[in-house]
Amino acid sequence: MKKILLTCFLGGVRPFQKAKKSIRSQFHQISIQNFHIGGWLISLRGTRSISHADRRVFCDQRECISSNIPDIRLKLIALCFLLFLGYSPLSMSQVADSPPGIDLVSVDSQSPGREEYSTPAHPLELGLLIAGLDQEDSLDSLASSSFHSIASLEIDGGPVLSRQSEASTLKRDGKLGLNEYPNQNTVLIYGELINPDSLGPLSLKITPYYFSPRTTFLQEEVLVRTEKGEFYDGVMNPRTKKFETLVPLSHRPGYLSLFLGSRPLLEDYLVLPGDSIKVKLDLSRSVVVFAGKNKDFYEAQYALKRLDQRRVFDSPRQLIIPESSSLLSRPGSQEKIDYFRGRFGAELLILQPGKESLDYLIDQANKAEEILGPKLEMLDFFKAKLSPSEWDLLRAEVYGSFYYSIFSTFRKFHYPYVQNKFGAEDQESYGQRLVELVDSVGDLEFDYESKLISASFLDLELERLILTALWEKRSFIELVEENHSGELADRLQAAYLSNYLASHTGQEEILLNYLSQTEFSPWKDRIENLKRATIPGEVIEEAQLISLTGDTILVSELSEEPSLVYFYFSTCSHSASYFKNYLFPLYEELKSEGIKLIAISVDENPDLWKERISKYSDPSIPNYNLRGLSKERWKELYEITSFPRVMFLDSQSRIQSFDIKHLGETQDELLREFRKKFSDVITTKTNNTL
């Protein structure tokens, strides 16, 4: 008995040894009222009574633990007395033997400050569980195997349901049973969310194959239903919502993002097929914690992303601007620049376009190992905890993202300046420096599988080959064939077209050429989809629209006349301007020739759509709404990444143009070029009318 009492009191004292604030400032006083335990009536009274809701908070919120130390000891004596009576000794011992100090802040942590304050596992925690029971509950129920499962549950032990031997085979309220656990092409996500702001619904975006930043091909977005815990499932904090879902993936790792409304909680995390991931998101404390069998893979990504953010935050903000700019010459600007220069905090680095800014960029590239040092050290820390393929994949992400930013900045901003402003000698000098840099990056070694998965590697290699093509005046596809083969070559070709097809003329010829040299899926499927969204002539795909009266109508039922189909959303000023200044005047000129104009809003909010028709469309024409899954499918199918989009269909609903906006920059030019390009369609309609 003495040994049991000593164990309980040592456990009871330990939580307060590492508390950062005073005990009285953190904990409220509570009372455990009458409990019937095996025929005994035990009354433990404090300073106030607690409701049933209070008891649930008491179970999982450390701010609700009593600040009255003698009162806690009284409760501990009662608990030890219960142990002496023989109630649930196994459950008690399991918790008492758990390692103390789990989740306490550690100065030795690789991510100090990420850990949330937590009391050690000790008998007091079972005291909290007892305090959370209703008065009619008995300790006999606590001694059951279900309670033992809850008490001994480990955070990194895999999915919660797998610890409940009998309940895990059930499927209640849409939850997963054991037979629905992830196979090799899916991922099980279990999460717990504390969200004090209620900013919007929870959703997942899954990218099984990465092609380009703006491509949604094969992406899936899933709304995730959250629900409150049930106490017996181990979720005892009433503020916590839990969720679980199966995520479709391929046989390779893909990317996953988690959003709360439009706010990203997790962005572009690599996930492993067949994995079971647990994640805790406490937005009130800015805490993100991963668990599960591959927790270190996700914790490593969190740490690497945090280091990226730190580097950006701690680096000077660059402003490339000529000295003659009015921004620098306006009164007071130079005084402010001088005042803030060298001060602790944010810093503005002003660079001149040309040699100064380009020298700075090349210098950053030459310091890659120094700049990437913290991330490479972090990777080394996790190396023993990751498989070789996981470690190599993250390494490809680290190097790829860094050098991609260097190369893309040069190509998009500095290359035109070098070509147009530099003399021949400087062009050759800087060109040689960049060629050497590009060649050295090409010597970086990564596993072949990493090259087929990593988004950062793909972006980097794309930029590297494009720059080489510019310098050597060769075609991109020729350089791909020279440097790569097999599926990796197909991936690069699909990525290039996903990014840059729209900037080329002769798109049909380009697509057919690339298709003839692409073999593997899904890369060939991607190019096929681009062909379908680029080369006119096919009948438009079916979709379900909603009318102003709420009726549904299919696209094939819209019109038997040649039609301009205008896609927009009701907060896009470009859409409103284009409609009023170009599209509607074009329609006014053409409607006597049998051309119809149909407006389709892609707003998810039907009230917003209806309220703004007079601004973004016109009440005199047919107005419909496309939303939900139909909208997402159409956006993917026809590569709609920006608005407005104006298609032109003939009388048989065959696509004649995927977008007419490029035909003219003025009303007259647009009308003239439209009539020239689609004279056959207009003539056919006119003849049929006669």
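Structural data are supplied above this passage.
Residues numbered from 1 in each chain as written. Predicted model: local features only at pLDDT ≥ 70, side-chain atom pairs only at ≥ 80, totals over all residues. Heavy atoms only, no water.

A. Region of the structure containing the overall build of the chain. Looking only at helices and strands, the chain has 28 helices and 20 strands in total. The buried share among the 690 residues of the chain stands at 48%. Of the contacts formed within the chain by residues at least 6 apart in sequence, a portion of 69% connects residues at least 24 apart. Accessible area of the chain: about 35,100 Å², with a carbon and sulfur share of 51%. (Helix = DSSP H or I, 4+ residues; strand = E, 2+ residues; numbered from the N terminus. Buried < 20%, exposed > 50% of the residue type's maximum accessible area, 1.4 Å probe, protein only. Contact = heavy atoms within 4.5 Å. Areas by Shrake-Rupley, 256 points an atom, 1.4 Å probe, with all protein chains shown as cover.)

B. The sheet that holds strand β10 (residues 276–282), seen in detail. The mixed open sheet is built from five strands, whose spatial order is β6-β7-β3-β10-β11. The outermost strands of the open sheet, each flanked by one partner alone, are β6 (227–228) and β11 (287–292). Against the sheet, helix α9 (residues 295–314) contacts β10 and β11, and its axis sits at roughly 155° relative to β11. (Pairing = 2+ DSSP bridges. Axes fitted to C-alpha atoms, helices over the stretch in contact; angles between N-to-C directions.)

C. Expanded view of the packing of helix α19 (residues 476–483) against helix α20 (residues 486–500). In contact at an axis separation of 10 Å, α19 and α20 are set at 160° when each is read in the N-to-C sense. For the element pair α19 / α20, the angle class is roughly antiparallel. Crossing angle aside, the handedness with which α19 passes α20 is right-handed. Taking contact as the criterion, the partners of F476, I477 and V480 in α19 are, on α20, A489, L492, Q493 and Y496. Across the contact of α19 with α20, the residue classes break down as six nonpolar, one polar and no charged. (Parallel < 35°, antiparallel > 145°, perpendicular 65-115°, else oblique. Left-handed = near helix turned anticlockwise from the far one by under 90°. Nonpolar A, V, L, I, M, F, W, Y, C, P; charged D, E, K, R; others polar.)

D. The arrangement of the nonpolar core in detail. Within the largest apolar cluster, 101 residues are counted, with the highest numbers of intra-cluster contacts made by F290 and L497. Considering every element that reaches this core, the biggest residue donor is helix α15 (residues 388–421), with 13 residues. Residue contacts for L497: discarding those within four places in its chain leaves I510, L511, Y514, I527 and L530. Core analysis: the second largest hydrophobic core is formed by 28 residues, L564, Y568, V646 and F648 among them. (Core = buried A, V, L, I, M, F, W, Y, C linked by side-chain atoms within 4.5 Å.)

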